Protein chains: 4
Amino acid sequence: MATPADTSATIKTGATETPANGVCKAMPDVQGFSDRRQIAIDRVGVKNVTYPITLKTRNGGSETTVATIDMYVSLPHDRKGTHMSRFLEVLSENREGIRPEKINAICRELRERLDAEDAHVRLEFVYFIEKQAPVTKQPGLLDYRVSFECAVDSQGNADFVMGVSVPAASLCPCSREISEYGAHNQRCQIDAEVRFTGELWIEDLVTMVEDAASAPLYSVLKRPDEKFVTEQAYDNPKFVEDIVRDAALTLNADERITWYSVRSENFESIHNHNAYAQITMDKSDT
Amino acid sequence: MATPADTSATIKTGATETPANGVCKAMPDVQGFSDRRQIAIDRVGVKNVTYPITLKTRNGGSETTVATIDMYVSLPHDRKGTHMSRFLEVLSENREGIRPEKINAICRELRERLDAEDAHVRLEFVYFIEKQAPVTKQPGLLDYRVSFECAVDSQGNADFVMGVSVPAASLCPCSREISEYGAHNQRCQIDAEVRFTGELWIEDLVTMVEDAASAPLYSVLKRPDEKFVTEQAYDNPKFVEDIVRDAALTLNADERITWYSVRSENFESIHNHNAYAQITMDKSDT
Amino acid sequence: MATPADTSATIKTGATETPANGVCKAMPDVQGFSDRRQIAIDRVGVKNVTYPITLKTRNGGSETTVATIDMYVSLPHDRKGTHMSRFLEVLSENREGIRPEKINAICRELRERLDAEDAHVRLEFVYFIEKQAPVTKQPGLLDYRVSFECAVDSQGNADFVMGVSVPAASLCPCSREISEYGAHNQRCQIDAEVRFTGELWIEDLVTMVEDAASAPLYSVLKRPDEKFVTEQAYDNPKFVEDIVRDAALTLNADERITWYSVRSENFESIHNHNAYAQITMDKSDT
Amino acid sequence: MATPADTSATIKTGATETPANGVCKAMPDVQGFSDRRQIAIDRVGVKNVTYPITLKTRNGGSETTVATIDMYVSLPHDRKGTHMSRFLEVLSENREGIRPEKINAICRELRERLDAEDAHVRLEFVYFIEKQAPVTKQPGLLDYRVSFECAVDSQGNADFVMGVSVPAASLCPCSREISEYGAHNQRCQIDAEVRFTGELWIEDLVTMVEDAASAPLYSVLKRPDEKFVTEQAYDNPKFVEDIVRDAALTLNADERITWYSVRSENFESIHNHNAYAQITMDKSDT
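Not measured: the values here are computed from a predicted model.

A.B. asks: Account for the confidence of the model for chain A, with residues named and values stated.
C.D. replies: Residue and element names in this part refer to chain A. Per-residue confidence for chain A gives a mean pLDDT of 90, with 91% of residues at or over 70. Taken as a whole, residues 1-25 scores under 50 in pLDDT and shows 43 contacts with residues more than four places along the chain or in a different chain. Model confidence for the complex is summarised by a pTM of 0.91, with the ipTM given as 0.89.

A.B. asks: Describe the relation of the copies chain C and chain B, naming the residues involved and giving the relevant values.
C.D. replies: The transform that puts chain C on chain B rotates by 180° and translates by 0.0 Å along the axis, for an RMSD of 0.0 Å. Accordingly, the operation relating the two chain copies is best matched by a two-fold axis. Interface residue correspondence from chain C to chain B reaches 100%, placing this contact among same-surface, isologous pairings.

A.B. asks: If you had to explain the interface of chain C and chain B to someone new, which residues and values would you point to?
C.D. replies: Where interface size is quoted, it is often the accessible area lost as the parts come together. The partner chain B presents 71 residues to the 70 residues of chain C that form the contact. Taken together, the links from chain C to chain B amount to 8 salt bridges. Close ionic contact of Arg37 of chain B with Asp242 of chain C constitutes a salt bridge, the shortest N to O distance being 2.5 Å. Our count for the chain C to chain B interface comes out at 30 residue pairs in polar contact (both at pLDDT 80 or more).

A.B. asks: I'd like a description of helix H5 (residues 202-210) of chain C, backed by residues and values.
C.D. replies: Buried residues dominate H5 of chain C, accounting for 8 of its 9 residues. Among all positions of H5 of chain C, only Ile202, Glu203, Asp204, Leu205, Val206, Met208, Val209 and Glu210 of chain C are buried.

A.B. asks: Tell me about the environment of Tyr127 of chain C, and please be specific about residues and values.
C.D. replies: Residue and element names in this part refer to chain C. On the secondary structure map, Tyr127 appears in strand S3 (residues 119-132). Setting aside anything within four residues of it in sequence, one finds Tyr127 in contact with Leu55, Lys56, Thr57, Arg58, Glu63, Leu142, Asp143, Tyr144, Val146, Ile202 and Glu203. Engagement of the side chain of Tyr127 in a polar contact is seen with the side chain of Glu203, the distance being 2.6 Å.

A.B. asks: Lay out the pairing of strand S6 (residues 185-196) of chain B in plain terms, naming residues and giving numbers.
C.D. replies: Residue and element names in this part refer to chain B. Counting buried positions along S6 yields 9 of 12 residues, so the element is predominantly enclosed. As paired elements, strand S5 (residues 158-171) and S6 share 10 bridges and run antiparallel to each other. Paired with Ala169 across the two strands is Arg187, which belongs to S6. Across 9 bridges, the pairing between S6 and strand S8 (residues 257-266) is antiparallel.

Cut-offs and rules
Residues numbered from 1 in each chain as written. Chains lettered and ligands numbered in written order. Predicted model: local features only at pLDDT ≥ 70, side-chain atom pairs only at ≥ 80, totals over all residues. Heavy atoms only, no water. pLDDT = per-residue confidence, 0-100. Contact = heavy atoms within 4.5 Å. Least-squares fit on C-alpha atoms with pLDDT ≥ 70 in both. Salt bridge = Lys/Arg side-chain N within 4 Å of Asp/Glu carboxyl O. Polar contact = N/O pair within 3.5 Å; in protein donor to acceptor, adjacent residues only side chain to side chain. Buried < 20%, exposed > 50% of the residue type's maximum accessible area, 1.4 Å probe, protein only. Helix = DSSP H or I, 4+ residues; strand = E, 2+ residues; numbered from the N terminus. Pairing = 2+ DSSP bridges.

What follows is the structure in structure tokens.
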């Protein structure tokens, strides 16, 4: 019913031309049409793809989880559209054994398959780490949200950022100080994103960040453990400011890390809003 | 392009007939077609409508807020579809001065305008209540999520349910008991839904529920206030079980309330999962 | 600092007694205290636990995914609290090879370990099914949200409900009928929950529900596939009412299914709200 | 119980000193302590505050809605904490008659009251605009998410960004081109953020962005309206790339706008993932 001629008439901007190769009348490659609007697109692609991935773990094993994935390329001003199905094809061919260097390779492949200058990939997933309760040593799995993000530019340089979202406990120093007994405390979420050289495992970054809180969280706690973490938090009062500063001290001291952004959001047990602090540091600036 | 004859050919179930009135070729009322599948529909309508509403408050004033609204009717087995635009028309005509009895009236109007046996309306919105800090008396607004839900049946009887979602603080009795100092505490969310006779304001139900927690939350707390609520929570340790039981005691004692369901979810500051308890009580059963 | 005597003084309800066994001064079992409020609790336990699970698939393989889990038991009126850590212990011991009968076993084990009358478990997780594009047969994984829910009562009877949430496409019959060309269509989400006898796989239920839409969704579609699904949807116009009715016809015809609730929510491409319909049917009533 | 001396002993970093003024034993200002960690904080404050606000509208009236608000200041390296309650005090005193210039004033006041170098405020809220159906002229309210964001730097310069999130319809040019009949279409969400000089109303920006889609959305549509918007979308096929390019053309042409970022996310009715495109342009660069 509709023909290419019809289309170029109805597209308001009048920017779409007939296809360059001229022979695809039966099923035209509309995305391949040229575009006259003179506007390049920074990022175009697929967002919010849910996909299973398998990750290598620090202890040499592997872990299968579910990721939410965004994949983009840049598009030059004279091309009408990108080819969306190729993003999924690249993803489907690469979902085993995800590691930072693998994400970089996916990004490079996207750039080639989509014939683009830049490519950008972001995965966010739940990652489980086994932790023993502090006294009884009962094992349990704790869930962390992790992100792997990579951009490859027109020179083929890859920029990789790893992020972790660590749930922990914070106990208010002011409340402790001014009260006869007790101190308000609460769950907090500490997010850290880092650029680094060499090898850095999710488990490494989680530990650095978790140590900045008043106390870590656990999956299973028996009574002796609960006593331990209650007192540990009371012995380590931290404002949201203290959490990001103590995380920053640790991240400053690790020579692998070249850039970081660390944020803490404390779900205050005395308010219905949250306390928040953030520090971003590019070590190459100093 | 498409004609009614085409449609009935392509609908797989073959259940759609030509329109009863026969004269609507130009713009047929497809929803009004008859249906042969012999399957009645319990609820059909619009969901997740975002709309401003104005509520009467207990102190005689009014409050404008934003509601998320679902509106449904039942559909008999022999009618193909309902008329979706009429739901929005009824809503648009009734958005001022929302009170329980007004919701009942909207439900009755829906039933008539859609020529239905039953009608069902649910609004969920944020409601602000001014609270003074406990010591300094600093004023501030605290936000509560509230729901008004009404079903009108084929006899015209209205069943109204009011719900409030109250954020509060809970402090763990076990942690307090077994620890040398401190006690883990956290924000919790206490949800209560009630059926009632006579007049019951949102503010009334919020107070009943809030009193069951270890301490209430506030928008603004200066240091003397923070000391007060810290000690108040420590003096009122509550398991999630205690919160729903103490709320139940209050709801049992109020003669206006004929049915309730109360739930508490505590965002444990020692775990990354939540503690939860629930009690549902129909007083007419006892 | 705090002693049991202090506690009973400060708990407002005055309902907590000293522990029955009398010898746990050093680390009292506060949950085991008796309670005088005379209020039984319907459900108490843990909510929103994030945990990896491994499921058996219809083709004989297995699939590892991430579940959000709620686990509850009932609590008699005379017991102060349940033992939250045991829920996680039961979960941790049972996370391999999840199948409906395994969920029932977990429920029974919870009932015993928590010494409760009833137990209730709910898992919600993403499940991937490989689907080939309709024309080019390109493979790809599509993600479905699935729930397994089980309640075991005081007689030990298990009530199991399986649910699937199926994304699909709906095309409006009215829009097609009244327009010269085109028809508005959109993504919809069809949720079905079923009780059944015998064996029913996730894949079985997904197929029954998916067939009720105008067209299914795919992960990878090349141009011949896109043409196919566009025309398929246009050839199968469905109101939200048609979707739930056609799903009901299929669920009615399957003798394994004894009860169902099916809902469709259509994310209308002409409105910023959704169309919705729901049918619930207990076959034993008819 | 706890004293300042205790605290400095238990804070792991050993960075907290006794208060400068020396006389606040009874209720020390812990936030006012000095800090030796040598780490400045970029942003600290309150996040996710839910608060009612009243906005001036383009037609000279006002509209009350509910905002989610973040408020931050920077903190120098030698101060232990900020004073969280003051953020809420500033908010509470300024919630009437919100306009861009008012947000700038709030930011400046925060900077002074918190004695900070920089301040940052972000509000996100639902804003309703009355729209008439295209043929029958039936009125209805459509909801848009809007953001006002302001940063004031150490020189007192204010940087204001306004954002709108516009729901609309997109119809796929490729699907239309290659199919015998029909074309897949879907709801999309177009987000635009702009910096500007002079006066720019929410309504202005919404219109610029909405015009870039295949068709706008409405609250109430009768059958003649539904026919109109179905055909309008079919006559205006747009890839996600076309939407951001056509929005960019409009934003380029408006001399008030000095910088923008525009994004579209299309909730594809043939996939369970979304198509996405983004263009960011600083006009002062060109």
